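Summary of the model geometry
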Amino acid sequence: MNIGISCYPTYGGSGVVASELGKALAEKGHRIHFISYAMPIRLDGYSENIFYHEVEIASYPLFDFPLYTPALASKIVEVTKFEKLDLIHAHYAIPHATSAFLAREILGTKDLKIVTTLHGTDITLVGLEPSFLPVMKFSIEQSDGVTAVSAFLREKTKTNYSINKDIRVIPNFIDTEKYIRTRKPEIRRSLAADDEKILIHVSNFRPVKRVPDVVRIFAEVRKKMRAKLVLVGDGPDRSSCEQIARDLGVWDDVRFLGKQLELVCLLSCADLFLIPSQSESFGLSALEAMACNVPVISSSVGGLPELVSHGETGYIAEIGDIDRMAKYAVELLNNRQRYALFAAASRARAVEIFDARKIVGDYIRYYEEVLG
Ligand code: GMT
């Protein structure tokens, strides 16, 4: 197949999923054309089947804002004409599905099929803005195929936008051969002493992730045991988290590592992953941890209960219930036997349900269905 993929190229999970899917499809011999305003960060290395088409956004004194949606549509038109795309896969509905629809109208053909994957805040937050909602609903309804990364997100889409269309749940995935725990004693030693546990969190530090809760949970855990907290990523809440760590007297035990590309070595040193989000349609970072044998403590929102199996691969608590999450963490870290079971079950769940080989196959079958 000749497949166009439009996505955000930055650190967000939707760009990661789009890039990993494209790479896996290219390995199977499909020709993949990424269309975006910058090179997706995970598109490292050369592949004869991967092509990147950059969207140029013209500026003009009259334009107060960059006009990305029409620029992307024009690029999709160009790539479809010259590369004979069978299908365009839009990751994160705004504006990718809208630009794809516009491109298809301009081309005047029904031969270019549109598959839209809903990722999270495109449905739960941004799309609900009155200034976007009608366009979102329309773009989803006009797509030939729609997938959601969790059953939670499918239901939210149907109820919030009154959409009756069939939405297929295809969960996020991970390459469990790449995401595998590897002993890294020198890195572990740089993060914590031998008798200390390591708790880890990875995110873009946006308010929706509730990273301040991560620091507060850690401060409670720290009262009961020797431990370090490793925070990976950066974003608007980083400064307040640094302040909270100082206020709670745990500054010396928290490592702010900022953005990191290589996560496996860090996850391989960790004992527990914390994800107390306010909203989370899937939680890709938690899956990455599970694949590296790291149990997860999460909030009970969105798609997290579809990923974390309570009492088997981790624990789930209400949003903001810092005491309970800290209690779960201490209990698990202090129970060597139960911990070993949870760590093994985390890896097993990642491999059995969310492995790339299985899920990429689900996408290919879905494309074939849409192409008829
Ligand atoms: O919505 C966001 O925070 C950004 C979005 C993205 O595009 O990066 O993340 C969402 O998509 C990820 C990949 O499917 C999911 O793992 C995240 O759970 C989801 N984020 C939220 O729902 C908050």
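This is a predicted model, so every value here is computed, not measured.

On to the site of the ligand. In the vicinity of the ligand lie 16 residues, with Gly13, Ser14, Thr121, Arg206 and Glu280 positioned nearest. The backbone of Gly13 places a nitrogen or oxygen atom 2.5 Å from an oxygen atom of the ligand. Contacts to the ligand include Gly283, whose backbone N or O atom sits 3.0 Å from an oxygen atom. Its residues placed into classes, the shell around the ligand shows four nonpolar, ten polar and two charged. Counting residues domain by domain, the shell around the ligand receives three or more from each of domain 1 (2–173 + 355–371) and domain 2 (185–354).

Glancing now at the domain arrangement of the chain. You can read the domains of the chain as domain 1 (2–173 + 355–371) and domain 2 (185–354). Taking both sides of the interface into account, the surface hidden between domain 1 and domain 2 amounts to around 1400 Å²; carbon and sulfur atoms contribute 60%. With its nearest N and O atoms 3.6 Å apart, the salt bridge here joins Arg42 to Glu288. The set of elements that each furnish at least two residues to the side of domain 1 that touches domain 2 consists of helix 1 (13–27), helix 6 (151–161) and helix 15 (356–371). Considered class by class, the residues forming the side of domain 1 that touches domain 2 number twelve nonpolar, six polar and three charged.

Read across the open sheet, the six strands follow the order 10-9-8-11-12-13; overall the sheet is parallel. Because the sheet does not close on itself, it has two edges, and the strands there are strand 10 (254–258) and strand 13 (314–317). Strand-to-strand twist of the sheet, defined as the mean angle between neighbouring strand axes without regard to direction, takes the value 20°. Relative to strand 11 (residues 272–275), strand 8 (residues 197–202) runs parallel, the two sharing two bridges. Along strand 11, the bridge assignment pairs Leu199 with Leu272. Packed on one face of the sheet, helix 13 (residues 322–334) meets strand 8, strand 11, strand 12 (296–299) and strand 13 and runs near 165° to strand 13.

Let us look at the sheet that holds strand 5 (residues 113–118). Strands sit in the order 3-2-1-4-5-6-7 across an open sheet of seven strands; the sheet is parallel. Strand pairing shows two members of the sheet lacking a second neighbour, strand 3 (50–54) and strand 7 (168–169), which therefore form its edges. Sitting on the sheet, helix 2 (residues 68–83) touches strand 1 (2–6), strand 2 (31–36), strand 3 and strand 4 (87–91), and the angle it makes with strand 2 is about 160°.

With that out of the way, let us pick up the nonpolar core. Inside soluble globular proteins, nonpolar side chains tend to come together where they are buried. Counting residues in each nonpolar core, the largest one holds 72 residues, and the members touching the most others are Leu25, Phe173, Ile200, Leu267, Phe273, Leu287 and Leu307. For this core, the element with the most residues is helix 15, which contributes eight residues. Formed jointly, this core draws a minimum of three residues from each of two domains, domain 1 (2–173 + 355–371) and domain 2 (185–354). For Leu25, the contacting residues outside a window of four places in its chain are Ile3, His30, Ile32, Val360, Ile364 and Tyr367. Residues Val214, Leu272, Leu274 and Met325 belong to the second largest nonpolar core, which totals 35 residues.

Looking now at the packing of aromatic side chains. Inspection of the entire model under this criterion finds nine aromatic pairs. An angle of 90° between the planes, with centres 4.8 Å apart, marks the rings of Phe101 and Phe138 as edge-to-face. On the criterion of sequence distance, the pair formed by Phe101 in helix 3 (residues 93–107) and Phe138 in helix 5 (residues 133–142) is long-range, its members being 37 residues apart. Accessibility expressed as a relative area gives 16% for Phe101, which makes it buried. Exposure remark for Phe138: the relative accessible area of 38% places this residue in the partly exposed category.

Next up on the list: unusual backbone geometry. Residues Ile94 and Pro95 are joined by a peptide bond in cis, for which omega reads -10°. If you trace the backbone, Pro95 turns up in helix 3. Of note, Tyr92 is a non-glycine position whose phi angle comes to about 75°, a positive value. Looking at where Tyr92 falls in the secondary structure, it is placed in the loop between strand 4 and helix 3. For Tyr92, a relative accessible area of 13% gives the class buried. With a phi angle near 50°, Arg210 is a residue other than glycine that sits in the positive phi range. Along the chain, Arg210 falls in the loop between strand 8 and helix 8 (211–224). By relative accessible area, which is 23% here, Arg210 ends up partly exposed.

Sheet faces and side chains relate simply in a regular strand, where the side chains alternate between the two faces. When you tally the buried positions in strand 8, you get five out of six residues, the bulk of the element. Relative to strand 9 (residues 227–232), strand 8 is paired through six bridges, and the arrangement is parallel. Each residue of the ladder has a partner; that of His201, found in strand 9, is Leu231.

Scoring rules and cut-offs
- Residues numbered from 1 in each chain as written.
- Predicted model: local features only at pLDDT ≥ 70, side-chain atom pairs only at ≥ 80, totals over all residues.
- Heavy atoms only, no water.
- Near = heavy atom within 4 Å.
- Polar contact = N/O pair within 3.5 Å; in protein donor to acceptor, adjacent residues only side chain to side chain.
- Nonpolar A, V, L, I, M, F, W, Y, C, P; charged D, E, K, R; others polar.
- Domains from an automatic or database assignment.
- Buried area = accessible area lost by both parts, 1.4 Å probe.
- Salt bridge = Lys/Arg side-chain N within 4 Å of Asp/Glu carboxyl O.
- Helix = DSSP H or I, 4+ residues; strand = E, 2+ residues; numbered from the N terminus.
- Pairing = 2+ DSSP bridges.
- Axes fitted to C-alpha atoms, helices over the stretch in contact; angles between N-to-C directions.
- Contact = heavy atoms within 4.5 Å.
- Core = buried A, V, L, I, M, F, W, Y, C linked by side-chain atoms within 4.5 Å.
- Buried < 20%, exposed > 50% of the residue type's maximum accessible area, 1.4 Å probe, protein only.
- Phe/Tyr/Trp six-rings, centres within 6.5 Å; stacked < 30°, edge-to-face > 60°.

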